[in-house]
Amino acid sequence: MKSKKVRFLLAGILILAMVTGGAGCSKENNGGNNVTKDVSGESSKSETDKDMEEAKTTPFGKYPKTITYTMAKETTAEARMAEGDTYENNGYTRYLLDKLNIQNENVFEANTTTAYKQKVSLAIASGELPDIMIVNDLSTLDQLVENDLIQDLTDVHNNCMSDKIKEIYDSYNGRIWDMVTYDGKIMAIPGTSIEGSNKLLWLRKDWMDKLGLAEPKTLEDVEHILSEFVTKDPGGNGKGKTIGLVGLPTIAGSYGGSYTWDPLFASLFAYPKQWMKNGNGEVYYGSTAPEMKSALGVLSDWYSKGLIDTQFAVREYDDVTSLIVNGTAGAAFGPWWLPRGDSYEMNKEAEWVPYVCPLDKNGELTYYSQNPCSNYIVVRKGFEYPEITAKSLSVIFDYNRYQDSKDNELTKYQTETGVHAMANPLSINVDYNDAVSISHKNLQDALDKKTDPSKLMSFEYGLYETISGYLDDPKNATGDQWKTYTARMVGSEAADDDRLKAVDPVFFGTTESMSLKWGILQKLEEEALLKIVVGDKPLNYFDEFVSSWKAQGGEQITKEVTEAVNSK
């Protein structure tokens, strides 16, 4: 792995007292003086028996006594845990307790990413880090490394991560470990960002059939369909109440999120909020490229014609979702997993179908690939059991999926509740880069009787049973059954279409000037794009925005990004 230079210092941080704890999963006594107690209250220093040694040096070895570790936890309003369960006691935690004898104790929880980041920042500033936590951005990881607050996890990776998990990470061709390696040391365990979550155009196919509309391919086709939806009201919402295309005020720039308009921009070769290289090898910021102006012109035109939700500029994610669920809207951009089970339960005639659209002049639809790391597990320096991180991932993403029986307690819990993965204490994703395509093929072969369903890994077997439930009786299927079928069999197939072509951003990190000026530039960009789309400013205002962006720090940041890219 290449050596990584940390980009900036954490100002004002309270540095923790130096500790001498080992790196974990080492067969030597680490002699740490910051000792974690097990639930019996005995010092972990005394636990040198054979079982403890095996537990600390293997992926699946079970601790002889329950080891409790503290952590920070991001939660979600859509956890879907069984009644009475919590983030410290649910199907995931009970499975880990049974297999490894470990138990999380959450020192704080936060139910939004913003609130979670704020609490993590406070924990870092106070110097009171939990034993284990997940950080959501590379700059925070940089800060933790620079200030020597987290553990070197190289030995943890080498000794306590199963071969299957290592194989999964290797599917990213080294990119993923490069992101977390500093001076030859692995300082975090990364969450994977799989390919295949690029956006598709989801349309109400039942509305299209009612109006006799053909499958769209071009921007013009999409405009025609939206116009028909809005003017002819196929959903019976009432005059002026049907919405064509939904959206969010962020407009574009998120790889896997829903409701933003990235495919429309990509059809005109615009890649907002991405650092790209042009044909001359020059680094540029996508939101300031000339192609952006053309895409904004299309959106502004559609907005003026009433084809886009007139309230999109003040919508939040849940507001937009409600438009999908209640049948008000007929079109949305989103990844293969966009379908909503509650939409089906509201109206089983509502048929949402994904399209690779709008195609560009080459008959393709490009999309920008993403940072291979979505988030990062870090361990407080001096924590006695850093190997818990790799062992937990090995149990959840290897043993449970590929080795345990199909009717194990966690798989049954997942199937019965539809529990959100956020209920997992270490709720990162660990999957093959092409996991969506692999899973679709495995499920299709099982449904077509080409393979024995019992040979599916436990996670896929649960999906297979849910999908089979839908196919056996669609009219009486649950929303979860319909959602799983539509996402896994229809959406993921569309996401693997040969007409989809990836283009790769060249930079995901942070530079010195970014740390000072990026917030101001982001606000400038968001306000300018919104004003153009809703007609508060003419299209030519884009040129003024670009000039202001460069003058207020964008030009200097571009130079720094160029230097960083060229130094690789």
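Here the structure is shown first, and the text comes after it.
Fair warning: this is a prediction, and the values are worked out from it, not measured in the lab.

A.B. asks: Lay out a negative patch on the surface with the relevant residues and their values.
C.D. replies: Taken together, the side chains of Asp 434, Glu 493, Asp 496 and Asp 498 define an acidic patch exposed on the protein surface. With respect to the helices and strands, the residue Asp 434 is situated in the loop between helix 15 (409-417) and helix 16 (435-447).

A.B. asks: Now, about helix 4 (residues 138-146): what can you tell me, with residues and values included?
C.D. replies: The periodicity of an α-helix, 3.6 residues per turn, causes residues three or four places apart in sequence to face the same way. Burial of helix 4 is extensive: 8 of the 9 residues sit out of reach of the surface. Considered for burial, the residues of helix 4 that qualify are Leu 138, Ser 139, Thr 140, Leu 141, Asp 142, Gln 143, Leu 144 and Val 145. Where helix 4 ends, the next residue or the one after it, Asp 148, has phi of about 60°, a positive value.

A.B. asks: Provide a residue-level description of unusual backbone geometry, including the pertinent values.
C.D. replies: Look at the link from Cys 357 to Pro 358: it is a cis peptide, with omega at 0°. In the Ramachandran plot, Tyr 259 falls in the positive-phi region, its phi being about 80° despite a non-glycine side chain. Position of Tyr 259 relative to the elements: it lies in the loop between strand 8 (243-245) and helix 10 (262-266).

A.B. asks: Outline the nonpolar core, supporting the account with residue identities and numerical values.
C.D. replies: Ranked by internal contacts, the top residues of the largest apolar core, which has 76 residues, are Met 133, Leu 141, Leu 144, Tyr 169, Ile 189, Tyr 376 and Ile 388. Sorting elements by how many residues they give to this core places helix 14 (residues 388-403) first, with 6 residues. Core analysis: the second largest hydrophobic core is formed by 53 residues, Leu 226, Phe 265, Trp 275 and Phe 542 among them.

A.B. asks: Give a description of the side chain of Gln 274 that names residues and reports values.
C.D. replies: By the element assignment, Gln 274 lies in the loop between helix 10 and strand 9 (275-277). Classification of Gln 274 by relative accessible area gives buried; the value is 8%. Side-chain polar atoms of Gln 274 contact the backbone oxygen of Gly 253, separated by 3.3 Å. When near neighbours in sequence (up to four residues on either side) are disregarded, Gln 274 contacts Gly 253, Tyr 284, Tyr 285, Gly 286, Tyr 368 and Pro 505.

A.B. asks: I'd love a proper account of the sheet that holds strand 7 (residues 200-204), names of residues and values included.
C.D. replies: With mixed pairing, 4 strands are arranged side by side in an open sheet as 8-11-7-12. Here the strands that pair on one side only, and so sit at the sheet edges, are strand 8 and strand 12 (352-355). Within the sheet, the average angular offset between the axes of one strand and its neighbour, ignoring direction, is 25°. Of the strand pairs in this sheet, strand 8 and strand 11 (residues 329-334) are connected by 2 bridges, and their pairing is parallel. The partner of Leu 245 across the bridge, within strand 11, is Ala 331.

A.B. asks: Pulling in residues and values, what's your account of the packing of helix 19 (residues 512-534) against helix 20 (residues 541-566)?
C.D. replies: In contact at an axis separation of 10 Å, helix 19 and helix 20 are set at 160° when each is read in the N-to-C sense. For the element pair helix 19 / helix 20, the angle class is roughly antiparallel. The handedness of the crossing between helix 19 and helix 20 is left-handed. Across the interface between the two elements, Glu 512, Ser 513, Met 514, Lys 517, Trp 518, Ile 520, Leu 521, Leu 524, Glu 525, Ala 528 and Ile 532 of helix 19 pack against Tyr 541, Phe 542, Phe 545, Ser 548, Trp 549, Gln 552, Gly 553, Gly 554, Gln 556, Ile 557, Glu 560 and Val 561 of helix 20. Partitioning the contact of helix 19 with helix 20 into residue classes produces 13 nonpolar, 6 polar and 4 charged.

Conventions and cut-offs
Residues numbered from 1 in each chain as written. Predicted model: local features only at pLDDT ≥ 70, side-chain atom pairs only at ≥ 80, totals over all residues. Heavy atoms only, no water. Patch = residues over 30% accessible without salt bridge, like charges linked within 9 Å, V, L, I, M, F, W, Y side chains within 5 Å. Areas by Shrake-Rupley, 256 points an atom, 1.4 Å probe, with all protein chains shown as cover. Salt bridge = Lys/Arg side-chain N within 4 Å of Asp/Glu carboxyl O. Lys, Arg positive; Asp, Glu negative; His and termini not counted. Charge placed at Lys NZ, Arg CZ, Asp CG, Glu CD. Helix = DSSP H or I, 4+ residues; strand = E, 2+ residues; numbered from the N terminus. Buried < 20%, exposed > 50% of the residue type's maximum accessible area, 1.4 Å probe, protein only. Core = buried A, V, L, I, M, F, W, Y, C linked by side-chain atoms within 4.5 Å. Polar contact = N/O pair within 3.5 Å; in protein donor to acceptor, adjacent residues only side chain to side chain. Contact = heavy atoms within 4.5 Å. Pairing = 2+ DSSP bridges. Axes fitted to C-alpha atoms, helices over the stretch in contact; angles between N-to-C directions. Parallel < 35°, antiparallel > 145°, perpendicular 65-115°, else oblique. Left-handed = near helix turned anticlockwise from the far one by under 90°. Nonpolar A, V, L, I, M, F, W, Y, C, P; charged D, E, K, R; others polar.

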